[in-house]
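# Coordinate analysis (summary)
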Amino acid sequence: MSAQKRTCLAIVLAAGEGKRMRSARPKVLHELAGRSLLAHVLTTVAAAGAERVALVVAPGHDSVVKEARSLAPDIEVFVQSPALGTAHAVLAAKPAIAHGYDDILVAFADTPLVQPETFARLRGALTEEGRAVAVLGFRASNPRGYGRLIQDSETLVAIREDRDLRAEEAEITFCNAGLMAIAGATALSLLESIDCSNAQGEYYLTDIVAAARQRGHGAIAVEAPEDEVLGINDRAQLSVAEQVFQNRLKIRAMQSGVTFIDPSRVTLSYDTQFGQDVLVEPDVFFGREVKVGDGVTIRAFSHLVGAEIGPNSIIGPFARLRPGAKLAEDVHVGNFVEVKASTLGAGVKANHLAYIGDATIGAKTNIGAGVITCNYDGFGKFRTEVGAGVFVGVNSALVAPVKIGDGAYIGTGSVITDDVAPDALALARSRQVEKPSWAKDFRTKHRKT
Ligand code: UD1
Ligand code: MG
């Protein structure tokens, strides 16, 4: 049977304590490029063809279950209590395994960088007649702490945990990444044969290799690059994984036509979308759900989240686009301008020091320096509607709810509280008063005293 047609259950282990994160948040909910470690792993196993997913969690980790269900509503959740080792964790999902699948994939929720193709290779290795287990291995730059893969030429004979190593095995650098594919037909009987007679008194999933061999089944190691199998136990490893993932995202973006002047100084989100011929200057942060059109330039020190940027727009330097900012083509949003939940039509310019919140701005409208939409009265949010071709003079406050008609002109420094008709000039400021010679007299008076 081809690997594609085989049925597959993925068991994602997430019941470890994660103490080294020193966090009130469960480890697998910490994020990589704007998305939880758990979400990365769930997406990957689905892409590797797992049609069912079983998640093994610690008691009380409702937030982990909630995150999993938000991505995979029909995920099966099993609670492992107490945590007696990785084999014990896999067996917590026994009812799922018992449904019967061709392949069982075991993934760790704290190992988020594995690529779908790598899981697919593990599954592919099971198609060999008589093979019961395919284990993911890597050449470790420092093998301490990892289980070692004990091989007899090409075949995998056993996995030995670091603490249980025999003297002659200490030199082995081919290590167990922890992840594996198990043939469904023999999975339960092999898993149930594992005991806990080892240095830690735990049920080791790794013992499945020796168990398979004892029963005359085959086992094999499939190699992956070390940076793909990085497991996250603490925040230092989280930052290393973030760098690896960021590099992947940037290489993909550059291959699709994005120029980064210094890729190491840009942070992307797992879902950032770019058109062609985009230029991103250094020190730009992309949060979730940002879409950038063709020919856009994003200048230094801009912070973008949940924004859509139309073709040929120029953003920044020092611009802030918040969720719901929808910019059409040729829009300029310049330094110290913040846009939130607002639609800006084609050719809108807001080049300096403005706040545009809960607004619709028509095409070719010019928003002067220091213009503020007053959208919030401490209780409710209100909308500002500005038509096309409007000129909003500098330092004006648009007090929402308010509408400004097409082609209108707002005099500098106005506080606009009433709607403005199309093509009208609205001035809402006190007239200038001039007192001739006042300043000179004032100075003279003070000099005398
Ligand atoms: C495991 C492997 C080791 C491998 C290493 C790679 C075993 C026995 N050892 O060791 O060979 O080199 O990963 O990083 O498998 N978990 C549970 N319940 C438990 C125990 C663990 O759900 O009772 C989960 C953890 O949340 C984690 C994963 O299983 O996602 C791995 O557990 P961990 O304790 O990190 O295993 P290691 O000792 O690192
Ligand atoms: Mg570990």
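Definitions and limits used
Residues numbered from 1 in each chain as written. Chains lettered and ligands numbered in written order. Predicted model: local features only at pLDDT ≥ 70, side-chain atom pairs only at ≥ 80, totals over all residues. Heavy atoms only, no water. Helix = DSSP H or I, 4+ residues; strand = E, 2+ residues; numbered from the N terminus. Buried < 20%, exposed > 50% of the residue type's maximum accessible area, 1.4 Å probe, protein only. Contact = heavy atoms within 4.5 Å. Near = heavy atom within 4 Å. Polar contact = N/O pair within 3.5 Å; in protein donor to acceptor, adjacent residues only side chain to side chain. Areas by Shrake-Rupley, 256 points an atom, 1.4 Å probe, with all protein chains shown as cover. Salt bridge = Lys/Arg side-chain N within 4 Å of Asp/Glu carboxyl O. Pairing = 2+ DSSP bridges. Patch = residues over 30% accessible without salt bridge, like charges linked within 9 Å, V, L, I, M, F, W, Y side chains within 5 Å. Domains from an automatic or database assignment. Buried area = accessible area lost by both parts, 1.4 Å probe. Nonpolar A, V, L, I, M, F, W, Y, C, P; charged D, E, K, R; others polar.

Turning our eyes to something else, we now look at the environment of Leu-321. Within the fold, Leu-321 resides in strand 22 (residues 320-321). You can call Leu-321 buried: its relative accessible area is 0%. With 36 residues separating them in the primary sequence, Leu-321 and Gly-357 have C-alpha atoms 10 Å apart. Dropping the residues within four chain positions of it, Leu-321 is found in contact with His-303, Leu-304, Val-305, Ala-307, Ile-309, Ile-315, Leu-327, Val-333 and Val-339.

Before going further, it helps to spend a moment on the site of ligand 1. Around ligand 1 sit 19 residues in total, of which Gly-16, Gln-80, Thr-86, Glu-161 and Asn-176 are the nearest. In the model, an oxygen atom of ligand 1 is placed 3.0 Å from a nitrogen or oxygen of the Ala-15 main chain. At 2.6 Å, a side-chain N or O of Glu-161 approaches an oxygen atom of ligand 1. Protein chains bury 81% of the 750 Å² of accessible surface belonging to ligand 1 in isolation.

Attention now moves to the environment of Gln-200. For Gln-200, the position within the fold is in the loop between helix 6 (184-192) and helix 7 (208-214). Spatially, the C-alpha atoms of Gln-200 and Leu-84 are 9.6 Å apart, while their sequence positions differ by 116 residues.

Under the definition given, this model contains 15 salt bridges. Taking the shortest distance from any N to any O, the salt bridge between Arg-148 and Asp-162 comes out at 2.7 Å. Of this pair, Arg-148 sits in strand 8 (residues 148-152) while Asp-162 sits in the loop between strand 9 (155-160) and strand 10 (174-183); the two residues are 14 residues apart in sequence, bridging distant segments of the chain. Overall, the relative accessible area of 2% leaves Arg-148 in the buried class. Sharing partners across several salt bridges, the network here consists of Arg-6, Asp-103 and Arg-123.

Glancing now at the pairing of strand 26 (residues 349-357). Both strand 24 (residues 332-340) and strand 26 contribute to a ladder of 7 bridges, which runs parallel. Opposite Val-333, over in strand 26, you have Ala-350 as the bridge partner. Sheet topology places strand 26 next to strand 28 (residues 366-367); 2 bridges connect them, and they run parallel. Each bridged residue has a counterpart across the sheet, and for Lys-349 the counterpart in strand 28 is Asn-366.

All right, on to a nonpolar patch on the surface then. Taken together, the side chains of Phe-301, Phe-318, Phe-336 and Leu-353 present a nonpolar region at the surface, about 400 Å² in accessible area. Mapped onto the fold, Phe-301 is located in the loop between strand 18 (297-298) and strand 19 (303-304). According to the relative accessible area criterion, Phe-301 is partly exposed, its value standing at 45%.

This brings us to the domain arrangement of the chain. What the domain assignment reports for the chain is domain 1 (8-229) and domain 2 (235-426). Domain 1 and domain 2 are separated by 44 Å when their C-alpha centres are compared. In this assembly, 15 residues from domain 1 lie in contact with 13 residues from domain 2. Between domain 1 and domain 2 lies a buried interface of about 1,200 Å² when both sides are counted; carbon and sulfur atoms form 57% of it. The tally of links from domain 1 across to domain 2 stands at 1 salt bridge. A salt bridge links Arg-288 to Glu-31; its shortest N-O distance comes to 3.6 Å. Inspection of the region where domain 1 meets domain 2 yields 6 residue pairs in polar contact (both at pLDDT 80 or more). Of all the elements in the fold, those that place two or more residues in the side of domain 1 that touches domain 2 are strand 2 (31-32) and helix 1 (37-47). Class assignment of the residues belonging to the side of domain 1 that touches domain 2 gives a composition of 5 nonpolar, 5 polar and 5 charged.

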